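Structural characterization, general
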Amino acid sequence: MVAVTGPKQARSRATRRHLLEAAVSCLAEHGWAGSTVSVVAERAGVSRGAAQHHFPTREDLFTAAVEYVAEERSTALRELFQAGPADRQAVIGALVDMYTGTLFRAALQLWVAASNEEPLRPRVTELETRVGRETHRIAVDLLGADESVPGVRETVQGLLDMARGLGLANVLTDDAARRARVVAQWSRIIETALP
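Described in the following lines is the structure provided in the data block. The structure presented is a predicted model; accordingly, all values stated were derived computationally and were not measured.

Cut-offs applied
- Residues numbered from 1 in each chain as written.
- Predicted model: local features only at pLDDT ≥ 70, side-chain atom pairs only at ≥ 80, totals over all residues.
- Heavy atoms only, no water.
- Helix = DSSP H or I, 4+ residues; strand = E, 2+ residues; numbered from the N terminus.
- Buried < 20%, exposed > 50% of the residue type's maximum accessible area, 1.4 Å probe, protein only.
- Contact = heavy atoms within 4.5 Å.
- Areas by Shrake-Rupley, 256 points an atom, 1.4 Å probe, with all protein chains shown as cover.
- Lys, Arg positive; Asp, Glu negative; His and termini not counted.
- Charge placed at Lys NZ, Arg CZ, Asp CG, Glu CD.
- Polar contact = N/O pair within 3.5 Å; in protein donor to acceptor, adjacent residues only side chain to side chain.
- 1 Å grid on protein atoms, 1.4 Å probe; cavity = no way out; pocket = protein on both sides within 12 Å on 5 of 7 lines; lining within 4 Å.
- Points joined across faces, edges and corners; volume = space filled by probe spheres on them.
- Core = buried A, V, L, I, M, F, W, Y, C linked by side-chain atoms within 4.5 Å.
- Salt bridge = Lys/Arg side-chain N within 4 Å of Asp/Glu carboxyl O.
- Nonpolar A, V, L, I, M, F, W, Y, C, P; charged D, E, K, R; others polar.

1. As for the overall build of the chain
Broken down by element type, the chain carries nine helices and zero strands. For the chain, the α and β elements follow one another from N to C terminus as α-α-α-α-α-α-α-α-α. Principal-axis analysis of the C-alpha atoms gives the chain an extent of 55 × 45 × 30 Å. Counting only residues that meet the buried cut, the chain has 41% of its 195 residues in that class. Excluding contacts between residues fewer than 6 apart, the proportion of contacts in the chain whose partners are at least 24 apart in sequence is 68%. Accessible surface computed for the chain: about 10,500 Å², of which carbon and sulfur atoms make up 54%. When the 23 basic and 24 acidic side-chain charges of the chain are each reduced to a single mean position, those positions are 4 Å apart.

Below, the structure written as C-alpha cells:
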C-alpha cells in the first residue's frame, strides 16, 4: 500500500522540522532553563498547541531536536566524503567541526540538564549512546580504519574524545587557532597509528 501524502502532511512535516530546528537554536542560546516549549513555538512561528501536538512534553521536544540535528549532521558528514575514505586531515577537521557548532552547544546544555533532571537523564543517556555509536562508525568508515587491528578502536575513540574536548574549549572562547594546531598534530598521529 502506498502512503498518500498531501498538503496537510507536508505542512505537518514542515512544522515539526521548524520546531526541531528552533529547539536546538534555543537550547544552544538560552540553555535548558531558558528554553521552554512556548519560547520554541514562538521562534518556530507556531502556536504552543501545535508544538505540543507534535511533542507532548518538553523532554520529547528537546531530545527529538538534538537527535534530528545529529542525524542531519551525520548525513552531511557522510555526503561530504561520499567516495569513502578520504584525506585523513580533512576527515579529522570535519569531525572536530561537529563539536564546535550549535548542535554541540545544544547537546551540552541537554547533558547538563540531564545531570540534574531525573526524568531527562535516561533519555539523554540513550540518545548520547546512539549518536556516539553512529559518530564512531562514521569516523571508522571515513578514516578507512580497520578495527580488527589492536588499538585502532581506541585510537578512533580517542580522536572523538579529543574532538569533544576541543568543542568544550570552544564554548567560552574562540579556540580556532589552537584547534587547527591540534587537528594537524592528531592527523599526524592518526597516519602513524592507523595502518
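Right, picking up where we left off after that structure.
2. What to know about helix α5 (residues 88-98)
Within an α-helix, residues lying three or four positions from one another point in the same direction, as the helix has 3.6 residues per turn. Among the 11 residues of α5, eight are classified as buried, and the element is accordingly described as predominantly covered. Among the structural elements, α4 (58-80), α6 (102-116), α7 (121-143), α8 (152-169) and α9 (176-193) are those in contact with the buried residues of α5.

3. Regarding the side chain of Thr63
Structurally, Thr63 can be placed in helix α4. Only 2.7 Å separates the side chain of Thr63 from the backbone oxygen of Glu59, close enough to count as a polar contact. Setting aside residues up to four positions removed in sequence, Thr63 forms contacts with Leu110, Leu120, Arg123, Val124 and Leu127.

4. Thoughts on the layout of surface pockets
Approximately 160 Å³ is the volume attributed to the largest pocket. Tyr99, Gly132, Arg133, Thr135, His136, Arg137, Glu147, Arg153, Gln157, Leu160, Asp161 and Arg164 together form the lining of the largest pocket.

5. So, the nonpolar core
Counting 32 residues, the largest nonpolar core has Val40, Leu61, Phe62 and Leu110 as its most contacted members. Contributing elements (two or more residues each) for this core: α1 (7-30), α2 (37-44), α4, α6 and α7. One finds Met98, Ala139, Val152 and Trp186 within the second-largest nonpolar core, a separate group that totals 28 residues.

6. Points about the pattern of salt bridges
Enumeration over the complete set of coordinates arrives at 13 salt bridges. The closest approach of N and O atoms between Arg43 and Glu29, which form a salt bridge, is 2.8 Å. Here Arg43 is found in helix α2, whereas its partner Glu29 is found in helix α1, with 14 residues between them in sequence. Judged by its relative accessible area of 51%, Glu29 falls in the exposed class. Residue Arg123 pairs with Asp60 through a salt bridge whose shortest N-O separation is 2.7 Å. On the criterion of sequence distance, the pair formed by Arg123 in helix α7 and Asp60 in helix α4 is long-range, its members being 63 residues apart. Residue classification places Arg123 among the partly exposed positions, given a relative accessible area of 31%. Taken together, the shared-partner salt bridges connect Arg78, Glu134, Arg137 and Asp141 into one network.

7. What about empty space enclosed by the protein?
As enumerated under the stated definition, the model contains one cavity of 30 Å³ or more in all. The computed volume of the largest cavity comes to approximately 240 Å³. Around the largest cavity sit 18 residues that line it, and Leu103, Ala107, Trp111, Glu128 and Val131 are the ones nearest its centre. Listed by contribution, the elements that provide at least two residues to the lining of the largest cavity are α4, α6 and α7. In terms of residues, the lining of the largest cavity owes the most to one element, α7, which gives six residues. Each residue belonging to the lining of the largest cavity can be placed in one class, and the counts come to 12 nonpolar, three polar and three charged.

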